[in-house]
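Commentary on secondary and tertiary structure
Here are the chains, one letter per residue:
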Amino acid sequence: MAANNPYNHLLRTVDVDGKTYSFYDLTTLSDNYEKLPYSIRVLLESAVRNCDNFQVTEKDVAKVINWTTNSKDGDTEIAFKPARVLLQDFTGVPAVVDFAAMRDAVNDLGGDPQRINPICPSDLVIDHSVQVDFSRSPDAAEKNQDLEFSRNQERFKFLKWGANALKNMLIVPPGSGIVHQVNLEHLARVVFAVKAHQDRPPILYPDSVVGTDSHTTMINGLGVLGWGVGGIEAEAVMLGQSISMLLPKVIGYKITGKLNQYATSTDLVLTITKHLRQIGVVGCFVEFFGDGVAELSIADRATVSNMCPEYGATVGFFPVDAGSLHYLRLTNRDEHQIALTEAYLKSVKLLRDYSDSSQDPVYSQEFTLDLSTVVSSVSGPKRPHDRVSVSSMKDDFLQCLSNKVSFKGFGIPEDRLSAEGVFEQEGQQYILRHGSVVIAAITSCTNTSNPSVMLGAGLLAKKAVEAGLGVAPYVKTSLSPGSGVVTYYLRESGVIPSLEQLGFGVVGYGCMTCIGNSGPLPDAMVSTIEKNELVVCGVLSGNRNFEGRIHPNTRANYLASPLLVIAYAIAGRVDIDFEHEPLGVGKDGRSVFLKDIWPLRKEIQEVESRFVIPAMFEEAYSKLTGNKGGSSAWLSLNAPSDALYPWDLKSTYVRKPPFFKGMTMELPKISPIVNARALLLLGDSVTTDHISPAGSIARNSPAARYLAKHGLTPRDFNSYGSRRGNDEVMARGTFANIRLLNKMVGKPGPRTIHIPTGEELDVFDAAERYSNEGTPLIVIAGKDYGSGSSRDWAAKGPFLLGVRAVIAESFERIHRSNLVGMGIVPLQFLEGQSASSLGLQGNEQFSIPLPPTLKPQQHITIDVDDGKSFDVLVRFDTEVDITYFRNGGILNYMVRKMID
C-alpha cells in the first residue's frame, strides 16, 4: 500500500474478534461495481491498493472500473500486482538459479547484490517428482524418496541456500506433496491481513497468486485468483515488478442441476474442457456461476479449475461462497483467519451466494452446462480436450487405429490391425495387442486433491479384490497422491490394502507419471512393442497426455478418473465395452462387470464425511514447514551460507546460467534479423513438451553425450526436469522430443536439416553449426505454439540455440510472454495466412526488419530470399513487452533497474 495512494480516502475499518483491520471499500468507487465479474473485482482491488501512479496508475484503475467497455477491444493494458508467487521445483530451481546469477550480475556491474530479494510474499514448494521405479514394492515411497535425494542432492542444497539467502521465501521440503495441492490445502490465505504501516491497522485484501506452473489455476476453485506465468516473469514479480496484462473478457459459465450417481468430477472437467475448447476461450477469464455450483465441493471446483490450461482460458474462477469457508475449516485453517475472511469479503461484496441470481454480474458471454448431462468420460488418445464417452471408447479407439495420422489417428494399415506380440515376465508369457494397457497411474495434480474420486477409487478397488479380480503384473501401476492428507484418509477408511493388492500402492508425492516420470518398462516388453509396432496405452488421472510425454512407448494415452484408471488396469485394455463385456472372471467363476463394483456417489460421500476431517490436515501440515519440517535427509542437508552462491564449475546439475554474459548498463541497439535460417518448420499444437522435454534423457541424445563426456553413465542421467539448473543440458534438450514433427525432415524425431549442406542433424548440433557460421535462426510454426506446461526453458532453450524470432499462426499465452522475457520476437501470421498458404518450405532465408520505433502489435514485412514477402503481426502486446525486448529480456531489465 503506497503512502501517496490517491485512493486512501476509500480506507475503512472492520472489527473482527476485538481486532481492528482496514480495507479499501471498493463498493463506493463506482455504480458499476456490482455489475463487474467477481474476478475483475479482485483485479480492481489490487489496482486501487497498489496505485502509486508509477507502476500502477489511476488510469489502470479507471480501465478496470470500465471493464464492460474496455474488455471488448482486447487491447486495453493494465498493471496487476499479485499477493504471492508460487514456484514448483521443476521451475523453482532455475528461478533461484537466476536470482543467484542476477546477484552476481549486479555485483559485477557495481551494484548491491543484497537488493536481489523477493519483496512479495512467496511460497516455494518442492514437488517430489521422481521416476517410479518401485511401483509394486510395499516400501515404494521410501525407496523413491531415497532415490530422489541420492540423485538430486545438489539441487536441494541450492534450494536450501536460496531459502536462507533470499528474504521472505518459504520452502516446503521434498516428499511433502505437489505444489498445487499444498497450495489449496495449506498455503492459500483467501484473504491477506498485512501490517503495511506502523500507525495503521493491518490491511485486508484478497489473496491472489501467479505460479510457475500453468496448473496454478487450481487455486481458483477456492476463490483465489491465480494463474500460471513463465518462471522468467515470476522472478520479476518476486522483485516487485507488476504484471502487464490485457484486460480480459470474462466468460460466464452457468452450472445447473446435479451430477448423477455414476458421474465423477473427472467426467465433469473433461466435459467442460471439451466444451470450452470448442467455444474458444484463449486469453479469457472463465467465471462459474449458477445454483449448480453449490452442488460441487471445493475439491470438485478445484478439479475444474486445475484443467483451465487444457480448455485454454487464463483462469477458471469460482468466487468464494459458504462452501469455501467450510473448506477452510475442514482443512484446519485458523478460526480467526476464517472470521476476518468472511467479514472482509462481505464488506466488499466478494462473497457469493450461488443460489441468488440477483448477485450474478454481467459477463462478456454466457454458456450453460446441466450437470445431469455429464456421463462417464475419458480424453485422448493424444490431447486432453478430445473427450470420449466411456460407452463409445471401444469404437473410438478402433477408429483411431485406422484413421490417418493425426490427433485422433495412428495410421495403422489394415493388415496390421490385429498385430500382437508375446513377451515373458517372471517366467510367464503375456500377449500385447493394440490397446493393451501397460501403464496405469493415479497421479497427482488434477484429481488427487479430490477425496470423492480418491475414495471412490479405493472403494472400487476393495470391491474388485473382494470379487476376486486382479491386475496383470506387467501393467505398471502407481498411486502418487498430491499430499500426505490423501494417504491419511485412504488408510483410515481401510482401502489401502485393496489398492496395494491391485498394484496401486503409494509410491511418493508428486507429478511422476503425468510429467513423464513413469520409470522404464521392461526391456522384453519394449522390444515386443517396437518389433510389432503396437499402439499400447497409458491410462492416468492427470491432465496432459500429449505425444511422447507419458512414456516413449505408449503411443496412446488417456486421461481418466482414478476409478476408471483402476478399471482399465484390471481389464488390461482400452478397447472394452464396459456395458457388455466383463472386467474379468471372479473367484466364483462368474463374469464381473464394472457396474458390479462401481461405488455410487452417495456411498462415496458417506465415507468422505466420516474420514476426511480437520485433524488429518493438522497432522500432515504440522510437519511441513519450519526448522523442524521435512525428512531427516532434508534436515541434515548442509547448504552454503554465502550471500553470493559459490558455483561449482564441475556440477552437472546447477550451473551459473549464461544469460547475463557480456551485459552492460547500456541498452543494446535494436537491429534487424538478416538472412535468418529456419531451424524448424512445425505444425499445429506444438507444446512445451515438444520444445523442452521434462522426461527421461535418451541415451543417443546430445544431452546424453554431454553427460557421458562428464563421466556419467545412463543410470545417472536422471531427467531433463531434474537438470533444469544446467543450461548445457537444457540447451541440448531443446526440441529433443522424439515425437517432434519437423516438416523439413518429414518424420518424427528431434532432427533438422542444415540447409547449406543438406545434412540431417540433431537439432542442437545444427544450431551449433549455424552459430559457428554466424547465422541467426527462426522457428516457423502453426496454431497454439507453446501450449502445455509453462516452462521457462521452452524460451530459454531456443534463446541459447540462437533463435531470434518465432513465426506462428497463434501463441499460447504464457509461452508468448516467456519468449518476450528472453528477448525472442514472437511474430504472428496474419489471419488466414500460414507457412503452407505462403508456400514456405523452410529452406529459405528470412530478413525481418525491427525498427527502432517498435510499437505494440505493429505490422512489419518479412522478406524472403526467393522474392516473396509477407506481413506479420509483432506480438509485443504492451509497451512493457517492448521495454523488456529493448533490454534483451526481462531479467536484464531487472538487473539494470536494481543498479539504476
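This text follows the structure it describes.
This section reports on the structure supplied with the text.

Moving on to the overall build of the protein. When you go through the protein residue by residue, the secondary structure sums to 30 helices and 34 strands. Computed over the C-alpha atoms, the radius of gyration of the protein is 26 Å, within 12% of the 29 Å expected from 2.2 N^0.38 for a compact globule of 900 residues. Dimensions of the protein along its principal axes, counting C-alpha atoms only, are 80 × 75 × 55 Å. When each of the 900 residues of the protein is scored for burial, the buried share is 64%. Accessible surface for the protein amounts to roughly 31900 Å². Of this, 47% is attributable to carbon and sulfur atoms. Distance between charge centroids for the protein: 2 Å, based on 88 positive and 100 negative side chains.

Among the structural elements, His815 can be located in helix α28 (residues 813-821). Note on His815: relative accessible area 1%, which makes it buried. Each residue touching His815, except ones within four places of it in the same chain, is listed here: Thr688, Ile691, Tyr785, Gly786, Ala794 and Ala795.

On the basis of which strands lie adjacent, the open sheet formed by 4 strands has the order β14-β13-β12-β15 and parallel pairing. Looking at the sheet topology across the chains shown, the edges are occupied by β14 (315-317) and β15 (365-370). Neighbour to neighbour, the strand axes of the sheet diverge by 25 degrees on average, direction disregarded. For strand β12 (residues 250-256) and strand β13 (residues 285-289), the ladder comprises 5 bridges, and the chain directions are parallel. Bridging from a neighbouring strand, Val250 pairs with Phe285 of β13. The sheet strands contacting helix α1 (residues 38-49) are β12, β13 and β14, and the helix crosses β13 at an angle near 125 degrees. On the sheet, helix α8 (residues 265-279) packs against β12, β13 and β15 and is oriented at approximately 150 degrees with respect to β15.

What follows deals with the packing of aromatic side chains. Two descriptors summarise a pair of aromatic rings, namely the distance from one centre to the other and the angle between the planes of the rings. In this structure the tally under the stated criterion is 24 aromatic pairs. A centroid spacing of 6.2 Å and a plane angle of 90 degrees characterise the contact between Tyr785 and Phe811, whose relative ring orientation is edge-to-face. A residue pair is termed long-range when its members are at least 10 positions apart, and Tyr785 in the loop between β29 (777-780) and α27 (793-801) and Phe811 in the loop between β30 (803-808) and α28 qualify at 26 residues. Just as Tyr785 is buried, Phe811 falls in that class too. Among the aromatic residues, those joined into a ring-pair cluster are Phe158, Trp161, Tyr645 and Trp647. When the ring centre of Tyr38 is taken as origin, the NZ or CZ atom of Arg41, which lies over that ring, is 4.0 Å away.

This paragraph deals with empty space enclosed by the protein. The final tally for this structure, using the stated rule, is 4 cavities of 30 Å³ or more. Put simply, the second largest cavity is a space of about 80 Å³. If you go around the second largest cavity, the residues you meet are Tyr38, Val42, Val190, Pro206, Gly223, Phe317, Pro319, Val320, Leu345 and Leu350. The residue inventory of the lining of the second largest cavity, partitioned by class, reads 9 nonpolar, 1 polar and no charged.

Further remarks concern the sheet that holds β29. Reading around the circumference, β26-β29-β30-β31-β34-β33-β32 is the order of the 7 strands in this closed barrel, with mixed pairing throughout. Going across the sheet, the axis of each strand differs from the next one's by a mean of 40 degrees, ignoring polarity. Relative to strand β26 (residues 673-681), helix α26 (residues 763-772) is tilted by about 170 degrees, and along the sheet it contacts β26 and β29.

With that settled, consider unusual backbone geometry. The omega torsion across Gly380 and Pro381 is 10 degrees, close enough to zero to call that bond cis. Inspection of the secondary structure assignment puts Pro381 in the loop between β16 (377-379) and β17 (387-389). Phi angles above zero are rare outside glycine, and Asn332 is one such case at about 65 degrees. Locating Asn332 in the fold gives a position in the loop between α11 (322-330) and α12 (335-347). A positive phi angle is found at Asn675, which is not glycine, with a value near 55 degrees.

With 270 residues, the main nonpolar core has Tyr568 and Tyr785 as its most contacted residues. Judged by nonpolar contacts, the second largest core, of 30 residues, contains Leu268, Val269, Cys284 and Cys308.

Our next topic: the packing of helix α15 (residues 484-492) against helix α21 (residues 614-622). Two elements in contact, α15 and α21, have axes separated by 9 Å at closest approach and are oriented at 135 degrees. When the axis of α15 is compared with that of α21, the two are oblique. In this structure, α15 crosses over α21, and the sense of that crossing is right-handed. Counted together, Val485, Tyr488, Tyr489 and Glu492 of α15 and Met616, Phe617, Glu619, Ala620 and Tyr621 of α21 form the full contact between these two elements. The class makeup of the residues in the contact of α15 with α21 is 7 nonpolar, no polar and 2 charged.

Conventions used here
Residues numbered from 1 in each chain as written. Predicted model: local features only at pLDDT ≥ 70, side-chain atom pairs only at ≥ 80, totals over all residues. Heavy atoms only, no water. Helix = DSSP H or I, 4+ residues; strand = E, 2+ residues; numbered from the N terminus. Rg over C-alpha atoms; globule rule 2.2 N^0.38 Å. Buried < 20%, exposed > 50% of the residue type's maximum accessible area, 1.4 Å probe, protein only. Areas by Shrake-Rupley, 256 points an atom, 1.4 Å probe, with all protein chains shown as cover. Lys, Arg positive; Asp, Glu negative; His and termini not counted. Charge placed at Lys NZ, Arg CZ, Asp CG, Glu CD. Contact = heavy atoms within 4.5 Å. Pairing = 2+ DSSP bridges. Axes fitted to C-alpha atoms, helices over the stretch in contact; angles between N-to-C directions. Phe/Tyr/Trp six-rings, centres within 6.5 Å; stacked < 30°, edge-to-face > 60°. Lys NZ or Arg CZ within 6 Å of the ring centre and 35° of its normal. 1 Å grid on protein atoms, 1.4 Å probe; cavity = no way out; pocket = protein on both sides within 12 Å on 5 of 7 lines; lining within 4 Å. Points joined across faces, edges and corners; volume = space filled by probe spheres on them. Nonpolar A, V, L, I, M, F, W, Y, C, P; charged D, E, K, R; others polar. Core = buried A, V, L, I, M, F, W, Y, C linked by side-chain atoms within 4.5 Å. Parallel < 35°, antiparallel > 145°, perpendicular 65-115°, else oblique. Left-handed = near helix turned anticlockwise from the far one by under 90°.

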